[in-house]
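Tertiary structure, described
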Amino acid sequence: RRKDLTFRVPSDLGETSPFGRWMAALGDRDVDAIEVVNEPNHQLWPQRDVHVAAAQMMATARAVLDSKHQTVVGPATADRNGSGPLDTDHLEFARALLDELDSIGFRPDERTAWSHHNYGDVEADSTERIAAAGALVRERWPDTPILVTETGARLTTIAREERLRDDVVVRRRQAELIARGYERLRTDPAGAGVAMVLQYLFITDMNYDSGLCELDGRPRPAYYAWAELPTVR
């Protein structure tokens, strides 16, 4: 399998690079926070030393956004277990990234947030991964909020893992898993310290079937389950 060529790590991620100029352009918009990268331990290549690139992205974003007051959010870690040539275990990556950020002098402040993706726990009906990630981040950056910038449950994964063949049952199970996963984060029994949860997707994608609605926009049971969830401010 070959990674998408557009996900190759650029050779230059400094403040004057195309990446740095893009971050600066985003900073000119009326936004509160900017997530600087998506799933570097899964999407980017090569995976070897990808934590170095992610650390540079966060440092560059901090530098170019310093006068614009947006919160720098990263690294949007894919919650993958185990490492291979194409991806890196989420805890292994997080440890390496935190070490690299320390080594280049990046220190979290009130405009820094750690982001994590939470599909594995939702689909497995557990808190194992987010609890481990939260404990790791809190140990190193105790005052930094953790944002779950993607969560959800894929119909394909539910059907495969639970050996379900009835599409109606699969969709009802998706709704149940999403609600249960959110409630665990809201009540926080594992102490993960999550400050925000975002669902991915609203309208589903045929290649990543986690949406609250069908491709044609028809609501799924998960749409109504998500709409009824209590909010916390």
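Just above, that's the structure.
What you see is a predicted model; the values in this text were computed from it and never measured.

1. Section: the packing of helix 1 (residues 18-27) against helix 2 (residues 50-65)
- Packing of helix 1 against helix 2 brings their axes to within 9 Å, and their N-to-C directions diverge by 45°. It follows from the interaxial angle that helix 1 and helix 2 lie oblique. Between helix 1 and helix 2 lies a crossing whose hand is right-handed. Where helix 1 abuts helix 2, its residues Phe19, Gly20, Met23, Ala24 and Gly27 lie against Met57, Thr60, Ala61, Val64 and Leu65.
- Counted by class, the contact of helix 1 with helix 2 contains seven nonpolar, three polar and no charged residues.

2. Some details on the environment of Gln56
- If you trace the backbone, Gln56 turns up in helix 2.
- Considering only alpha carbons, one finds Gln56 and Gly152, 96 residues apart in sequence, at a separation of 29 Å.

3. Let's talk about the packing of aromatic side chains
- Tallying each qualifying case throughout the model produces seven aromatic pairs.
- For the ring pair Tyr119 and Tyr208, a centre distance of 5.3 Å and an interplane angle of 65° mean the geometry is edge-to-face. With Tyr119 in helix 4 (residues 119-124) and Tyr208 in the loop between strand 5 (194-199) and helix 8 (221-227), this residue pair connects regions lying 89 residues apart in the sequence.
- Under the relative-accessibility criterion, Tyr119 is labelled buried at 4%.
- The interplanar angle of 70° and the centroid separation of 5.8 Å between the aromatic rings of Tyr182 and Trp226 together place this pair among those described as edge-to-face.

Parameters at a glance
- Residues numbered from 1 in each chain as written.
- Predicted model: local features only at pLDDT ≥ 70, side-chain atom pairs only at ≥ 80, totals over all residues.
- Heavy atoms only, no water.
- Axes fitted to C-alpha atoms, helices over the stretch in contact; angles between N-to-C directions.
- Helix = DSSP H or I, 4+ residues; strand = E, 2+ residues; numbered from the N terminus.
- Parallel < 35°, antiparallel > 145°, perpendicular 65-115°, else oblique.
- Left-handed = near helix turned anticlockwise from the far one by under 90°.
- Contact = heavy atoms within 4.5 Å.
- Nonpolar A, V, L, I, M, F, W, Y, C, P; charged D, E, K, R; others polar.
- Phe/Tyr/Trp six-rings, centres within 6.5 Å; stacked < 30°, edge-to-face > 60°.
- Buried < 20%, exposed > 50% of the residue type's maximum accessible area, 1.4 Å probe, protein only.

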